[in-house]
Amino acid sequence: MARRKGIKALLLNWRVLLLIIFLVGSLAAIAANGLTYGIDIGGGVALIAKPEKPVSGDTVNGIITSLQNRLNTFGVKDITIESQRDPETGESLIVVKVANITLDEAKQIKNLIESQGVLYMEFNGVIFATGADVTVHSSDWGLNPRDCSTCWYVGFQLSGKAQDNFKKVASGKTGWPVDIFLDPPTNSLLVVSSRVYQELQNPADFNGKAGTQAPTLLERIEKAFNITVVEYNNQTAEEIIANATNLGKKSIIIADLPESLYNQVKDALLQAGSKIRVSYFTPQPNEDMRDFVKRILNLYGPYTLKFDPAQGNSDRLQLSGSAATKEEALQEAKRIYSVLRSGSLAVKLHVISEEYISPTLGAGFKKQAGIAGIGALIAVLLIVYYHYRRWKIAIPVASTSLFEVTIILGIAALIRWNLDLPSIAGIIAAIGTGVDQQIVITDELLGGSPSGKVARRMGLIKRMARAFFVILASATTTIVAMSFLLMYFVGTLKGFAFTTILGVLIGVLVTRPAYAEIAKHLLSLD
């Protein structure tokens, strides 16, 4: 009876309860989001691109924004883009990492980075300007308080030819939508769910004040970019490919449909040796259909035409809108400014380094990392048992390390941190420091003797205070050292620093206090 009460009291202890809550939350996060892996585990490509001439920091930031926009529209996941300095020349470099892709997709991404990328301005299904026709001045954007406190604007200038084209297609159509696209999926076949198909024809979301007078977005993209949209009605992968082939399409986009269909189309294209590319889009959490459609097409806007371009001769135009707050309005203006600028990159990029790791090889690394982790836990279990000769100490120490790893992985899944080999090395390092600290706690509980029982209460409090002082001092030095690595080092070692700091924090705040309570309970039962 006393033993049962003791277990109940232990489970109701707030330190143990905190550990249980973190464990349950971590398992739920892993189950819901899954783990994401870096290119050295999940497979992928790492590319280093160099501008063709020296550029400023602002220009590098603009290039990174443009590349992010382009790669997002490519339909790939787990993209990391960073800037680095060449240690020898001091020139800026752009490092692009994309995980979980095939070799063919890696080649396409390389081409995408080295290509100029084109911005299109479309009206009523007619492309009246491209990025080459648009000039954006760095100071011509921001808030527009004359219209309202949360209104924004972005000014730009069209070339003479584009200005004439705009007047021809938009004359007398005030209130109609003006669409801006950056690298839209031209000459593609879109196979979409019924709700996406309906959204593409929704005048309330994409026709501005013109309503049903203007053609739908579905009609505009087909006329301007030869994008054919098909509602999915249980077509097979072979039927979809045959349709795309007959229409002469260069790519297929599967949107808001089961991923298994995408895999079937992808496999069938590979088996047939077809050059048609396939990509897959699915709505993100809390993403509405309007934003989802815009992401598929890489559409910005649509914006409403507020004046008749046939009246007046000014070649300076302005996009404007409003947001809920001033901060959101500024963000939107900056985003549109970046999009307009990205139509013509400040400099051309050349890929100077390329490293590809196949998903198969990455799966091998993942298996080896898993075996290394299990081996580390078994080694901890055996060494601790050898030292104390008591399973009641060895098993809780190893279990606490396992709990710590689970919580680290749970938080990584929650924030979608890419787990690469340095990250896993950081987790193993955190296990090592955690075991050291648990041994300190255990030794203090035993009064310095492996065979002793828990010391008297006053002595125990002093010993535990001393143990946690040592633990906090050790954790602080580790966190400070790793923080410099995390903040100032741009590269894969950031993963090592992040998981090490995370493991130390979880240990100090969650697992170490819980282990002390569990160890006190188990040793007091002897």
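Thresholds applied
- Residues numbered from 1 in each chain as written.
- Predicted model: local features only at pLDDT ≥ 70, side-chain atom pairs only at ≥ 80, totals over all residues.
- Heavy atoms only, no water.
- Helix = DSSP H or I, 4+ residues; strand = E, 2+ residues; numbered from the N terminus.
- Buried < 20%, exposed > 50% of the residue type's maximum accessible area, 1.4 Å probe, protein only.
- Contact = heavy atoms within 4.5 Å.
- Expected span 1.5 Å × (residues − 1).
- Pairing = 2+ DSSP bridges.
- Axes fitted to C-alpha atoms, helices over the stretch in contact; angles between N-to-C directions.
- Arc of directions from axis to C-beta.
- Salt bridge = Lys/Arg side-chain N within 4 Å of Asp/Glu carboxyl O.
- UniProt positions renumbered as here; feature names shortened; annotations may be inferred.
- Right-handed = clockwise from strand over helix to strand, strands pointing away.
- Disulfide = S-S within 2.5 Å.
- Left-handed = near helix turned anticlockwise from the far one by under 90°.
- Nonpolar A, V, L, I, M, F, W, Y, C, P; charged D, E, K, R; others polar.
- Patch = residues over 30% accessible without salt bridge, like charges linked within 9 Å, V, L, I, M, F, W, Y side chains within 5 Å.
- Areas by Shrake-Rupley, 256 points an atom, 1.4 Å probe, with all protein chains shown as cover.

## Re the overall build of the chain
Broken down by element type, the chain carries 18 helices and 18 strands. In the chain, which comprises 526 residues, the proportion classed as buried is 47%. Of the contacts made within the chain by residues no fewer than 6 positions apart, 77% connect residues no fewer than 24 positions apart.

## Some points on helix H15 (residues 391–415)
Relative to the 36 Å expected for 25 residues at 1.5 Å per residue, H15 spans 36 Å between its end C-alpha atoms, a close match to the ideal helical length. Immediately downstream of H15, the backbone of Arg-416 shows phi near 55°, a positive value.

## Re the side chain of Asn-144
The topology assignment puts Asn-144 in the loop between strand S8 (141–143) and strand S9 (151–158). Non-local contacts of Asn-144, meaning those with residues more than four positions away in its chain, are made with Cys-151, Trp-152, Tyr-153 and Gln-318.

## Let's talk about the sheet that holds strand S15 (residues 299–304)
One open sheet holds the 4 strands; their spatial order is S6-S5-S10-S15, and the pairing between them is antiparallel. A strand with exactly one partner marks an edge of an open sheet, and here the two such strands are strand S6 (126–130) and S15. On average, adjacent strands in this sheet sit at an angle of 25° to one another, irrespective of strand direction. Bridging between strand S10 (residues 177–182) and S15 involves 4 bridges; their strand directions are antiparallel. Bridging across to S15, Val-178 finds its partner in Tyr-303. Against the sheet, helix H6 (residues 160–170) contacts strand S5 (119–123) and S6, and its axis sits at roughly 155° relative to S6. Helix-sheet contacts for helix H12 (residues 289–297) involve S10 and S15, and the interaxial angle to S15 is about 120°.

## Some remarks on the sheet that holds strand S4 (residues 92–99)
Strand order in the open sheet made by the 4 strands is S3-S4-S2-S17, with antiparallel pairing throughout. Here the strands that pair on one side only, and so sit at the sheet edges, are strand S3 (79–85) and strand S17 (349–357). With strand direction ignored, the average angle separating the axes of adjacent strands in the sheet is 20°. Of the strand pairs in this sheet, S3 and S4 are connected by 7 bridges, and their pairing is antiparallel. If you follow Glu-82 over to S4, its bridge partner there is Val-95. Strands strand S2 (44–51), S4 and S17 of the sheet are contacted by helix H5 (residues 103–114), whose axis makes an angle of about 165° with S17.

## Thoughts on helix H11 (residues 259–272)
Helix length check: H11, at 14 residues, gives a terminal C-alpha distance of 20 Å against a target of 20 Å (1.5 Å per residue), a fit within 8%. Listed in full, the buried residues belonging to H11 are Leu-261, Tyr-262, Val-265, Lys-266, Ala-268 and Leu-269. Considered in projection along H11, the buried side chains sweep an arc of 165° and stay on one side of the axis. In H11, the exposed positions that point more than 90 degrees away from the buried face belong to Leu-270 and Gln-271.

## Re the pattern of salt bridges
In total, this model carries 8 salt bridges according to the counting rule given. Between Arg-220 and Glu-122 there is a salt bridge, with the nearest N and O atoms lying 3.9 Å from each other. Highlighted residues: Arg-220 in helix H9 (residues 217–225) and Glu-122 in strand S5, separated in sequence by 98 residues. The class for Arg-220 is buried, based on a relative accessible area of 1%.

## Here we look at unusual backbone geometry
A positive phi is found at Asn-286, a non-glycine position, where the angle reads about 65°. The topology assignment puts Asn-286 in the loop between strand S14 (277–281) and H12. Look at Arg-389: it is not a glycine, yet its phi comes out positive at around 60°. Among the secondary structure elements, Arg-389 is positioned in the loop between helix H14 (359–388) and H15. Taking the relative accessible area as the measure of exposure, Arg-389 reaches 53% and is therefore exposed.

## A short note on the UniProt feature "transmembrane region" (unreviewed entry) in the chain
The feature "transmembrane region" (unreviewed entry), as given by UniProt, occupies residues 369–386, 393–417, 467–490 and 496–515 in the numbering adopted here. Split by type, residues 369–386 is 100% helix and 0% strand. Its first and last C-alpha atoms lie 26 Å apart. Secondary structure content for residues 496–515 is 100% helix and 0% strand, and the end C-alpha separation is 25 Å.

## As for the pairing of S14
Most of S14 sits inside the fold, with 4 of its 5 residues counted as buried. Both strand S13 (residues 251–255) and S14 contribute to a ladder of 5 bridges, which runs parallel. By the bridge assignment, Ala-255 is partnered in S14 with Phe-281. The parallel pair S13 and S14, bridged by H11, forms a crossover whose chirality is right-handed.

## Overview of the state of the cysteines
Summed over the entire model, instances satisfying the criterion amount to 1 disulfide. Residue pairing for Cys-148: its cysteine sulfur links by disulfide to Cys-151, the two sulfurs lying 1.9 Å apart. Here the S-S torsion is close to 110°, and the disulfide linking Cys-148 with Cys-151 is therefore right-handed. Among the residues examined, Cys-148 registers a relative accessible area of 23% and is labelled partly exposed. The exposure class assigned to Cys-151 is buried, which follows from its relative accessible area of 10%.

## Some details on the packing of H15 against helix H18 (residues 493–524)
Taken N-terminus to C-terminus, the directions of H15 and H18 make an angle of 145°; their axes are 9 Å apart at the nearest point. In the crossing of H15 with H18, the sense of the turn from one axis to the other is right-handed. Contacts between H15 and H18 involve Lys-392, Ile-393, Pro-396, Val-397, Thr-400, Glu-404, Ile-407, Ile-408, Ile-411 and Ile-415 on the former and, on the latter, Phe-498, Thr-499, Leu-502, Gly-503, Ile-506, Gly-507, Val-510, Thr-511, Arg-512, Tyr-515, Leu-522 and Leu-523. For the contact of H15 with H18, the class distribution of residues is 14 nonpolar, 5 polar and 3 charged.

## Thoughts on a nonpolar patch on the surface
Taken together, the side chains of Ile-7, Leu-11, Leu-12, Leu-17, Ile-20 and Val-24 make up a nonpolar region of the molecular surface, amounting to roughly 500 Å² of accessible area. At the level of secondary structure, the elements contributing two or more residues to the nonpolar patch comprise helix H1 (2–12) and helix H2 (14–33). Counting through the fold element by element, Leu-12 comes out in helix H1.

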